[in-house]
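What the coordinates show
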Amino acid sequence: MFSNPTLPIPDYPAILATIYEEVQPLLSQGKVASYIPQLAKVEREQFGMALYCLDGQSFSIGAAQTRFSAQSVTKLFALALAYTREGDALWQRVGKEPSGNPFNSLVQLEYERGIPRNPFINAGALVITDILASRYVDSEIALLQFLRNLAGESTLDFDMAVAVSERNTAHRNYAIAHLIKDFGNLHNSVKLVIDSYCRQCSISMNCMELAKAASFLAKHGVIPWSGVQVLDRSSAKRINAVMLTCGTYDAAGEFAYRVGLPAKSGVGGGIVAVVPGELSVAVWSPGLDVTGNSLAGTYALERFTTLTSRSIF
Ligand code: GLN
């Protein structure tokens, strides 16, 4: 019902096995994020990939059951949760244009007067955290619960060692938050927002959980396995659109060119992507390229869309 009627159903297990072979030489080429000390301890040469199809089938390969630090991938779910509460009013406080700058850059914020370019760079995510903090007593707990519901996985949790490690070294994020606060676009205290943001980023997930959690974006806002409507169709479209243009930071153009899917990445090495109407897919490999996206993960998704003839284009 959900598969593309004009294309044959791919042999997913065979395709995943091919990709797994092909990525092996790349696993030693990326660089594990080290500016968060706890992340520097992760073994680099790991790779996992999982597909969650809207008909309920799932496929995986490699370390698809190993949990990793979701980091900026959580920005996708934070945006979705905030959007369910605020709707389009949210866009008065954060933009929806690609930044063309690194995810942790401060430069645009000064001349754009504290309105971050989009919700997927750190500045924008801090504003989203602020919005959630005004709506919930414990915004990171609300987000964790939202993720548990989306993934159908009650054991999802924060990794407090990662959260503390990030908070103790979050000088750049503090600077970003202070600048936004100075422009009047942060309503809660900088400390509260940074604490909540660091916990949010520390949530651990594996590829299968991540693919399942994002599957509502493939099914136009409806969780496929429970039938619960999280977002209306138009809102799901908008979130996918922002993912396509902004989800992989300043590499979003290159990523769209190579992969052709809406996706969100994180410095833990995870990337989740959506094939609307068909499936969601998550990859993980901790070695990053210079833009902070998983090197092997990006390649795996590029091969996935090529080998399956699935992309949004
Ligand atoms: N927690 C990380 C940070 O704020 C998230 C960045 C990322 O995954 N790109 O720097």
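Everything discussed here concerns the structure shown above.
**A word on the packing of aromatic side chains**
Summed over all chains, the structure comprises seven aromatic pairs. Relative to F59, the ring of Y12 has its centre 5.5 Å away and its plane inclined at 45°; by these criteria the two rings are tilted. Residue Y12 is found in helix α1 (residues 12–23), and its partner F59 is found in strand β2 (residues 58–62); the two are separated by 47 residues along the sequence. Pairwise contacts between aromatic rings join Y12, F59 and F304 into one cluster. Taking the ring centre of W225 as reference, the NZ or CZ of K212 above it sits at 4.6 Å.

**Let's talk about helix α13 (residues 295–308)**
Given a rise of 1.5 Å per residue, 14 residues ought to cover 20 Å, and the 20 Å separating the end C-alpha atoms of α13 matches this to within 8%. As for α13, its buried residues are in contact with α1, β1 (48–53), α12 (252–258), β6 (270–275) and β7 (279–284). The N-terminus of α13 is capped by S294, whose side-chain oxygen sits 3.0 Å from the backbone nitrogen of G297. Positive backbone phi, approximately 55°, marks S309, located one or two places after α13.

What counts and what doesn't
- Within any chain, residue numbers begin from 1 and follow the written order of that chain's sequence.
- In view of the model being predicted, local features appear only for residues whose pLDDT reaches at least 70, and side-chain atom pairs are presented and counted only at 80 or more, with totals across whole chains, interfaces and linings using the full set of residues.
- As a rule here, side-chain values come from all non-hydrogen atoms in the structure, and water together with hydrogens is ignored.
- Only rings of Phe, Tyr and Trp enter the pairing, Trp through its six-membered ring, and a pair is recorded when the two centres are within 6.5 Å. The plane angle decides the type: under 30 degrees is stacked, over 60 is edge-to-face, the rest tilted.
- Helix and strand assignments follow DSSP, with helices taken as H or I runs no shorter than four residues and strands as E runs no shorter than two, numbered in order from the N terminus.
- Placement of a positive charge over a ring is assigned whenever Lys NZ or Arg CZ falls within 6 Å of the ring centre and within 35 degrees of the normal to the ring plane.
- One fewer than the residue count of a helix, multiplied by 1.5 Å, yields its expected span.
- Whether two residues touch is decided by their heavy atoms; if any such pair falls within 4.5 Å, the residues are in contact.
- Polar contacts, as counted here, are pairs of nitrogen or oxygen atoms within 3.5 Å of one another; within protein the pair requires one atom able to donate a hydrogen and one able to accept it, and residues that are adjacent in sequence qualify only if both atoms are side-chain atoms.

Just distances and angles here, no functional claims.
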